[in-house]
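Residue-level listing of the chains:
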Amino acid sequence: MNLDISAQLNVPYNMKTAYGYTPTFVITGVTKQGGPLSPLKSTLTTSLGNLWLHNLVFEFLDPPLTVSTLHHKLQDFHTPTDLLLLHPTMVEAMDDSLLFACTFLHLNQLCFQQESFQASYGWETNWEKSSLYVLNADPPSTSVQIDTVDPQHPGDPLYRHQALVPIETSHIHFLKTRIGDPKHTFLFLKSLINSFQFPYTQHQLPLTIIRCIIKQ
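Below: a short report on this structure. Small disclaimer: the values here were computed from a predicted structure and weren't measured. Per chain, residues are indexed from 1 in the order of the written sequence. Confidence filtering applies because this is a predicted model: local features only for residues at pLDDT of at least 70, side-chain atom pairs given and counted only at 80 or more, and all residues used for totals across whole chains, interfaces and linings. Excluded from the side-chain calculation are hydrogens and water; included are all heavy atoms of the structure.

**Quick notes on the sheet that holds strand E9 (residues 161–168)**
Pairing is mixed across the open sheet formed by three strands, whose spatial order is E7-E9-E8. The strands lining the two open edges of the sheet, one partner per strand, are strand E7 (132–133) and strand E8 (143–148). Each pair of strands is called paired provided DSSP finds at least two bridges between the two strands. Per the convention used, a helix needs a DSSP run of H or I reaching at least four residues, while a strand needs a run of E reaching at least two, with both numbered from the N terminus. Sheet topology note: the E8/E9 ladder contains six bridges and is antiparallel. When the bridges of E9 are listed, Ser143 appears paired with Pro166. Here a residue-residue contact requires only that any non-hydrogen atoms of the pair lie within 4.5 Å. Note on definitions: angles span 0 to 180 degrees between N-to-C directions of axes, and those axes are lines fitted to C-alpha atoms, for helices only across the stretch in contact. Packing of helix H4 (residues 104–119) onto the sheet brings it into contact with E7 and E8, and relative to E8 it is tilted by some 40°.

**Some points on the nonpolar core**
Leu107, Cys111, Trp127, Leu132, Val134, Val144, Ile146, Ala163, Val165 and Ile167 form the largest nonpolar core, which has 10 residues in total. Contributions of two or more residues to this core are made by H4, E8 and E9. With three residues, E9 is the largest single contributor of residues to this core. Other than its neighbours up to four places away in sequence, Val144 contacts Phe104, Leu132, Ala163, Leu164, Val165 and Ile167. What we call a nonpolar core is a set of buried Ala, Val, Leu, Ile, Met, Phe, Trp, Tyr and Cys residues that are connected through their side-chain atoms within 4.5 Å. A simple rule labels every residue: compare its accessible area, found with a 1.4 Å probe on the protein chains alone, to the largest value its type can have, and call it buried under 20%, exposed over 50%, or partly exposed in between.

Written as structure tokens, this is what we have:
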């Protein structure tokens, strides 16, 4: 964390535009995505945190989520993949993540352990954008209390508190895309395209920038 701060504290920047470089400005207290330290920080936090959770699930009383092929379940093996048993604990895409558990107690333990781990690196969970998805079961209420830590005192149990997380029973949204609902995904992408407007500028945009916008 100290290495990350020292590399980004009061560093002057210049943005390269189609009309030349902007005046120098300083950004303080912001973690750059895609910076030279991003792979190192990601390895120390995301990758090791994921592996740590994977090892912890076998110490819990609740059985972990198990994923296998249908042939494995039927004990009718055809390929080497049918011999595999996967125990996913966390799946990530950019800065979104999903934690998997078969019971709420198990999920609460995973959340708290991950909170304790990432607090050491200065990462905090945005609980206002977090949701609990219940599949194949009826939730007892519309929200739950998740145990979490105080980022300023991650190792002190006296500062342990709870975050209120809403329960979702509809389709799972991951990166704003519904899983298993191609029609909804098509309509969502179509609405983005139809409602898109080019940014207003005082000068005409160069063809290279227009091409990049259309391609994106």
